[in-house]
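Per-entry structural report
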Amino acid sequence: KALDPNSVVSMIKTIPNEWYNADYIEDSIITLTDYLADHQFAFVDIKPKIDVKRDTHTIDINYVISESPRVFVERIDIGGNERTLDSVIRREMLLSEGDPFNRSKLKRSEQRLRDLQYFRDVKVETKAGSQPDLAVVKITVEEQSTGELSVGAGFSTAEGPLGDFRIRERNFLGKGQDLQLATTLSGRRQQYDLSFTEPYFLERDLSAGVDLFSIERDWQRESSYDQKREGFGLRMGYPLAENTRQDLRYNLENNEISDVDPLASRYIREQEGDRVTSKVGHTITYNKLDSKTLPTDGYIMSISNDVAGLAGDARYLGNKVKSMFYVPLDDDNSWIFSTGAEAGYIFGFGQNVAINDRYFLGGNTFRGFDNAGIGGRDTVTGDSLGGNRYVKGTMELMVPMVGLPKEKGVNAHFFTDAGSLGQIDTDSANTNLRDDDALRLSVGTGLSWRSPLGPLRGDLAIPIIKEDYDEKRIFNFTFGTRF
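These numbers were taken from a predicted model, which means no experiment stands behind them.

On inspection of all chains with the given rule, the structure shows 9 aromatic pairs. Ring plane angle 40 degrees and centroid distance 5.9 Å describe the contact between tyrosine 286 and tyrosine 299, whose orientation is recorded as tilted. With a gap of 13 residues between them, tyrosine 286 in strand β13 (residues 273-287) and tyrosine 299 in strand β14 (residues 298-312) connect regions that are remote in the sequence. On the basis of relative accessible area, tyrosine 286 is assigned to the partly exposed category, the value being 30%. For tyrosine 299, a relative accessible area of 25% puts it in the partly exposed group. Seen from their ring centres, tyrosine 345 and phenylalanine 347 are 5.6 Å apart, and the 40 degrees between their planes marks the pair as tilted. Each residue in the set Tyr286, Tyr299 and Phe325 is aromatic and connected to the rest through ring pairs, giving one cluster. Sitting above the plane of the tryptophan 219 ring, arginine 217 keeps its charged end 4.5 Å from the centroid. Positioned above the aromatic ring of tyrosine 267, the side-chain terminus of arginine 266 is 4.5 Å from the ring centre.

As structure tokens, this is what we get:
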């Protein structure tokens, strides 16, 4: 099928009666080439024919597109992988032998390979095949270490001093499997995790994993109790469409509320003891980000639902929706504007929602406020009680520090957070309880650095709209490293 010239006229950036610009010609050629490559014209040649009319001081530009047959993928050659199996690389490709050639799918395939983080470098090239209508895709990778044996140290205003020990292999036996054993110890948390993930279970695009965990957390400062969670989880994920994925999960855990202060709120004292939770859930995610690790363009949206009550003590339905958008403001993706929103609602079946299942906002999740700094609170004891529903929105502008190259990883941030948290289950009136859905708003600025010793970030945030019982935190700092 021949190309209709009218179908590509709108892609040409050189517009009649505008000033001549050689960059616009180059941009037009790139845009046309990519478009035609997406329609199987892999080796098309576009040359601008320029006719200068000196008497009228104008220039006529004619884009000459050479004839090219529609192209199919003859074969995919892979090189440089000494440890990683060919099948691990091939399964990330959105093109297979015999498929119509598509430049956009080839670029997305290259990004998928980079997102694996198994390779230091990935090169994807297209070469002429054995016939004019065939192309060979050559993939060359440079492998890097995927095993981690690390000891970590850090500090945050939320956790205090923090250390971790982690053994992880992200490409176990070269099959792309992820095996991890981790221990995290801080002034307020002790956590132990063992997890295994098979990204292509039964040789299909079906991830499967298992997690074992034990977490002890000190909530004395916020709510006058200690918490211990022990259990396991099973998970499975599969694509619903090219950018849409569904993840299923099952969790069984024992949740213990202990060491409750005798003067704590009665809403907390009533919940002291053990509670078994058995729940199933799912998440549907639509992902159009340009990168999983450091997104600079695109968006991601998700919806989650969890039901507890198949066994155990808890009976509830929890729901969440989230979205995040990234917009680059310059050509080299140094200035990034991001905005997002999320909301959650949980309600019990014939029983109140326990404090360990409620939502909490503050600290890193709502800058300008302390951990669990907003939401329901006993105004006499000062204990935070969380809430059954919340909404939150955020906007942030990230810009590189003036005078420093982008590669240094030093950025300034300007942000605002807004939202509310409320609705606590209660069986009787209590004048000490403050529980409303009042709006909170904070604005702030921060500085981040991807330092050789680990990521570092400090934020200064000021609450603009708040309640008199909220707990503020103006400065928030996090630093972590592994060595």
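The periodicity of an α-helix, 3.6 residues per turn, causes residues three or four positions apart to be oriented the same way. In this model helix α3 (residues 103-115) runs 19 Å from its N-terminal to its C-terminal C-alpha over 13 residues, within 8% of the 18 Å that 1.5 Å per residue would give. Along α3, the residues that are buried comprise Leu106, Ser109, Leu113 and Asp115. The elements touched by buried residues of α3 are α2 (86-90), β4 (119-128) and β5 (134-143). Sitting at the head of α3, asparagine 102 places a side-chain oxygen 3.0 Å from the backbone nitrogen of serine 104. Positive backbone phi, approximately 60 degrees, marks glutamine 117, located one or two places after α3.

Tracing the backbone through its elements, the reader meets glutamine 227 in strand β11 (residues 226-239). A residue is classified by how much of its surface remains accessible, and glutamine 227, at 12% relative accessible area, is buried. Taking C-alpha positions, glutamine 227 is 6.3 Å from serine 258, a pair spaced 31 residues apart along the chain. Beyond its immediate stretch of four places on either side in the chain, glutamine 227 contacts Ile215, Glu216, Arg217, Trp219, Asn255, Glu256, Ile257 and Asn356.

So, about the side chain of glutamine 246. Tracing the chain through its elements places glutamine 246 in strand β12 (residues 244-258). Among the polar contacts made by the side chain of glutamine 246, one reaches the side chain of tyrosine 238 at a distance of 2.5 Å. Side-chain polar atoms of glutamine 246 contact the side chain of histidine 282, separated by 3.1 Å. In this structure glutamine 246 touches Met236, Gly237, Tyr238, Leu240, His282, Thr283 and Ile284, once residues within four positions along its chain are discounted.

Tracing the backbone through its elements, the reader meets phenylalanine 369 in strand β17 (residues 368-369). Judged by relative accessible area, which is 0%, phenylalanine 369 ranks as buried. Sequence spacing of phenylalanine 369 and isoleucine 462 is 93 residues, and the spatial spacing of their C-alpha atoms is 8.5 Å. If sequence neighbours within four positions are ignored, phenylalanine 369 has contacts with Gly362, Gly363, Ile374, Arg440, Ser442, Pro463, Ile465, Lys466, Asp470, Glu471, Lys472 and Arg473.

This part takes up a nonpolar patch on the surface. On the surface, Leu149, Phe165, Ile167, Leu179, Leu181, Leu194, Val210, Leu212 and Leu234 cluster together into a nonpolar patch covering about 740 Å² of accessible area. When residues of the nonpolar patch are traced back to their parent elements, those giving at least two are β7 (160-172), β8 (177-186) and β10 (207-218).

Turning our eyes to something else, we now look at the sheet that holds strand β3 (residues 72-79). Pairing in this open sheet of 3 strands is mixed, and the strands run β3-β5-β4 from one edge to the other. For this open sheet the edge positions go to β3 and β4, each flanked by a neighbour on one side alone. Neighbouring strand axes in the sheet, compared pairwise and without regard to direction, differ in orientation by 15 degrees on average. Relative to β5, β3 runs parallel, the two being bridged by 7 bridges. Looking at the pairing, isoleucine 78 lines up with isoleucine 139 of β5. Sheet strands in contact with α3 are β4 and β5, and its direction is about 160 degrees off that of β4.

The rules behind these values
Residues numbered from 1 in each chain as written. Predicted model: local features only at pLDDT ≥ 70, side-chain atom pairs only at ≥ 80, totals over all residues. Heavy atoms only, no water. Phe/Tyr/Trp six-rings, centres within 6.5 Å; stacked < 30°, edge-to-face > 60°. Helix = DSSP H or I, 4+ residues; strand = E, 2+ residues; numbered from the N terminus. Buried < 20%, exposed > 50% of the residue type's maximum accessible area, 1.4 Å probe, protein only. Lys NZ or Arg CZ within 6 Å of the ring centre and 35° of its normal. Expected span 1.5 Å × (residues − 1). Contact = heavy atoms within 4.5 Å. Polar contact = N/O pair within 3.5 Å; in protein donor to acceptor, adjacent residues only side chain to side chain. Patch = residues over 30% accessible without salt bridge, like charges linked within 9 Å, V, L, I, M, F, W, Y side chains within 5 Å. Areas by Shrake-Rupley, 256 points an atom, 1.4 Å probe, with all protein chains shown as cover. Salt bridge = Lys/Arg side-chain N within 4 Å of Asp/Glu carboxyl O. Pairing = 2+ DSSP bridges. Axes fitted to C-alpha atoms, helices over the stretch in contact; angles between N-to-C directions.

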